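What follows is each chain in one-letter form.
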Amino acid sequence: MTKLETEINRRRTFAIISHPDAGKTTLTEKFLLYGGAIAQAGVVKGKKNARAATSDWMEIEKQRGISVTSSVMQFQYEGFCINILDTPGHQDFSEDTYRTLMAADSAVMVIDAAKGVEAQTRKLFKVCRLRDIPIFTFINKMDREARDPFELCQELESELGIDTYAVNWPIGCGKEFQGVYDRTRRKIIHFTSNTNARAATATEIELDDPALGDLIGTSKRDQLADEIELLDGASCDFDLDRVRHGQLSPVFFGSALTNFGVEPFLEDFLRMTTAPLPRTAGDLLVDSFDENFSAFVFKIQANMNKAHRDRIAFLRVVSGRFDADKEVYHVQGGKKIKLSRPQQLMAAEREIIEEAYAGDIIGVFDPGIFSIGDTLCTPGRKFAFDPIPTFAPEHFNRVRPLDTMKRKQFLKGMEQIAQEGAIQIFKTPYSGMEEVIVGVVGTLQFDVLEYRLKNEYGVDLYSEGLPYEYLRWVHHDGDEPLKPENLTLPGDAMLVEDYKGNQLLLFASQWSIGWTADRNKQLTLAEFGGTRFV
Ligand code: G4P
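All figures in this text were calculated on a predicted structure; none of them were measured in a lab. (Residues numbered from 1 in each chain as written. Predicted model: local features only at pLDDT ≥ 70, side-chain atom pairs only at ≥ 80, totals over all residues. Heavy atoms only, no water.)

Chemist: Any chance you could explain the sheet that holds strand β28 (residues 470–475) here in plain terms?
Modeler: Strands belonging to one sheet form pairs held by backbone hydrogen bonds; the direction of such a pair is parallel or antiparallel. If you trace the eight strands from one edge of the open sheet to the other, you get β27-β24-β26-β25-β29-β30-β28-β31, paired in antiparallel fashion. Here the strands that pair on one side only, and so sit at the sheet edges, are β27 (461–465) and β31 (524–526). Put simply, the sheet's adjacent strands are angled 40 degrees from each other on average, direction ignored. Relative to strand β26 (residues 436–440), strand β25 (residues 424–427) runs antiparallel, the two being bridged by four bridges. Following the sheet pairing, F426 is matched in β26 by I437. The strands touched by helix α12 (residues 444–457) are β24 (395–401), β26 and β27; relative to β26, the strand with the most contacts, the crossing angle is about 130 degrees. (Pairing = 2+ DSSP bridges. Helix = DSSP H or I, 4+ residues; strand = E, 2+ residues; numbered from the N terminus. Axes fitted to C-alpha atoms, helices over the stretch in contact; angles between N-to-C directions. Contact = heavy atoms within 4.5 Å.)

Okay, here's the thing in structure tokens:
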């Protein structure tokens, strides 16, 4: 194997999703601890630890107890180079989650064992389903009173519509949580201590070993034997192919807080996931092992560090090797560029890097040239990865600065935040009034907008709700932009434009969409917008 192949082969890139508080941060931290990437817990997102506040505007997350942004972390574990993509836990940011999933090859779904499938789990799972990526389930907090494991698996199947396969099975819960039965190796992993801040210490023992009764108690042993028999008889077979197509979710039980079951999970997970997967660019399938570099932008974030006022574009390297010294071709910009200050993120730290391989996520300084979905590749090649769809917003506000003298800062802030994909903004060139309309998928995004405009741009926002609930991208055959006078529109629809010059229609009801489509046969009304490409 060449060095390139070896490096790509050992990479694993996954996203981690959960309902808030299920333990996503704690689990991520444990992974990082095992990998030696951090020395102590509490540095990833410190509720207790102030050092972890990676930027000022993330204040809003802390105030609300939600995670608004997604971050990326890389660590090494037993020869693997692992990239974890954290996702926002709130449904209002599901579009951000979707983009993050575009950069991942699989997802880990963390479930609270006392609560089972929760509201956000359902929403986030739905987003995962849009891409059919493999989903691994970690049922967490087994050190507390938990629901019956059969019931939990049943709920995953009925509520989420995915088959499950329990890779391991818990022995007790709460204070009685003693270990897990590894169904592949047919062995019990009995946890003995978690005094070591890193992995829990454990002993292994066979199910039919006479010493097992002494170790976990005879009633627990008998119960386990019954449950395993039931499980072997009732559950579907393990089928790696179905796992890789997102049809079967391997389920693991454990406790991130006490480390119990975390390491066995990580090991099995790494064994079952694949090296970086290819991505499509029209008719072309770009293979990770192709030696030519290529990558796409899946996230843009400004002002992560208020002192620097910088803007970072996050890239998923799709193929080959990225070399910081070499120029790359930015397909949408039509230019050769040198990526400035390429960096990898480790929790709150950033590290400048010289090279990266397919599967890696890197952040680069963005002077305002990138859009979500943009392609970068080795000069001489020219293709564009399939665009990342834009979700249609469902809430619309008319906004302006409270202080009219601040219009310039207001427009700059709005445009930058819109370029990040955090909101969508529209102009109203046909209404006779120069207005700015903001569209969001979830209303919490309005709060983030207001907060950021004030904190980053010094602008107090006046915002007023509009009755629209639907947005459609308008396509027609002609080259000239449409004019409202050439359209037959109901009273509750409005023609607007986005900042790239695309025309769109806002509607207050589903009924108006049908009415408009009936009377304007020349139009196609699309539910998703794609980033435009060459
Ligand atoms: P999230 O990122 O999914 O939102 O969850 P996070 O890891 O922040 O965990 C939420 C709470 O649940 C935290 O407690 C955390 O310590 C606790 N927790 C996580 N995993 C386990 C587990 O396996 N067992 C138990 N018993 N608790 C767990 P907190 O009190 O909200 O925060 P903190 O003060 O402990 O940081």
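Next comes the rest of the write-up.
Chemist: What am I meant to see in the environment of G172 here?
Modeler: Its location among the elements puts G172 in the loop between β7 (168–171) and β8 (179–182). G172 sits 48 residues away from K220 along the chain, and the two C-alpha atoms are 7.5 Å apart. If near-sequence neighbours (up to four positions away) are discounted, G172 is found in contact with M142, F177 and K220.

Chemist: Sorry, what's going on with the environment of L85 here?
Modeler: By the secondary structure assignment, L85 is in strand β3 (residues 80–86). Distance from L85 to S71, taken between C-alpha atoms, is 6.0 Å for residues 14 residues apart in sequence. Not counting residues within four places of it along the chain, the set of residues in contact with L85 comprises T13, F14, A15, I16, S71, V72, T100, A103, A104, F298 and I361.

Chemist: Teacher, can you tell me more about the nonpolar core here?
Modeler: Looking at soluble globular proteins, one finds that nonpolar side chains tend to be buried together. Of all hydrophobic cores here, the largest spans 83 residues; its most connected members are I139, F253, L339 and F370. Inspection of this core shows a minimum of three residues originating in each of domain 1 (3–272) and domain 2 (279–377). Residue contacts for I139: discarding those within four places in its chain leaves I111, A113, L152, L156, V251, F252, F253 and G254. Ranked by size, the runner-up nonpolar core spans 28 residues in total, among them A22, L27, L32 and L248. (Core = buried A, V, L, I, M, F, W, Y, C linked by side-chain atoms within 4.5 Å. Buried < 20%, exposed > 50% of the residue type's maximum accessible area, 1.4 Å probe, protein only. Domains from an automatic or database assignment.)

Chemist: How should the site of the ligand be read in this particular structure?
Modeler: Close contacts around the ligand come from 19 residues, with D21, K24, T25, T26 and D143 the closest. One nitrogen or oxygen atom from the side chain of R144 is found 3.2 Å from a nitrogen atom belonging to the ligand. Notes on the ligand: free accessible area 710 Å², of which the protein chains cover 77%. By residue number, the principal contributor to the shell around the ligand is helix α2 (residues 24–34), which donates three residues. Looking at the shell around the ligand residue by residue, the class counts come to four nonpolar, seven polar and eight charged. (Near = heavy atom within 4 Å. Polar contact = N/O pair within 3.5 Å; in protein donor to acceptor, adjacent residues only side chain to side chain. Areas by Shrake-Rupley, 256 points an atom, 1.4 Å probe, with all protein chains shown as cover. Nonpolar A, V, L, I, M, F, W, Y, C, P; charged D, E, K, R; others polar.)

Chemist: What is the right way to read unusual backbone geometry from this model?
Modeler: Leaving glycine aside, a negative phi is the common case for residues, and trans is the common case for peptide bonds. Positive phi, close to 85 degrees, is recorded for D21, a residue that is not glycine. On the secondary structure map, D21 appears in the loop between β1 (11–18) and α2. Here D21 falls in the exposed class, since its relative accessible area comes to 56%. Backbone geometry places E78, a non-glycine residue, at a positive phi of 45 degrees. Considering the arrangement of structural elements, one finds E78 in the loop between β2 (72–77) and β3.

Chemist: Explain the pairing of β25 here, please?
Modeler: Side chains on a regular strand alternate between the two faces of the sheet. Where β25 and strand β29 (residues 493–498) come together, two bridges link them in antiparallel fashion. Opposite K427, over in β29, you have E497 as the bridge partner.

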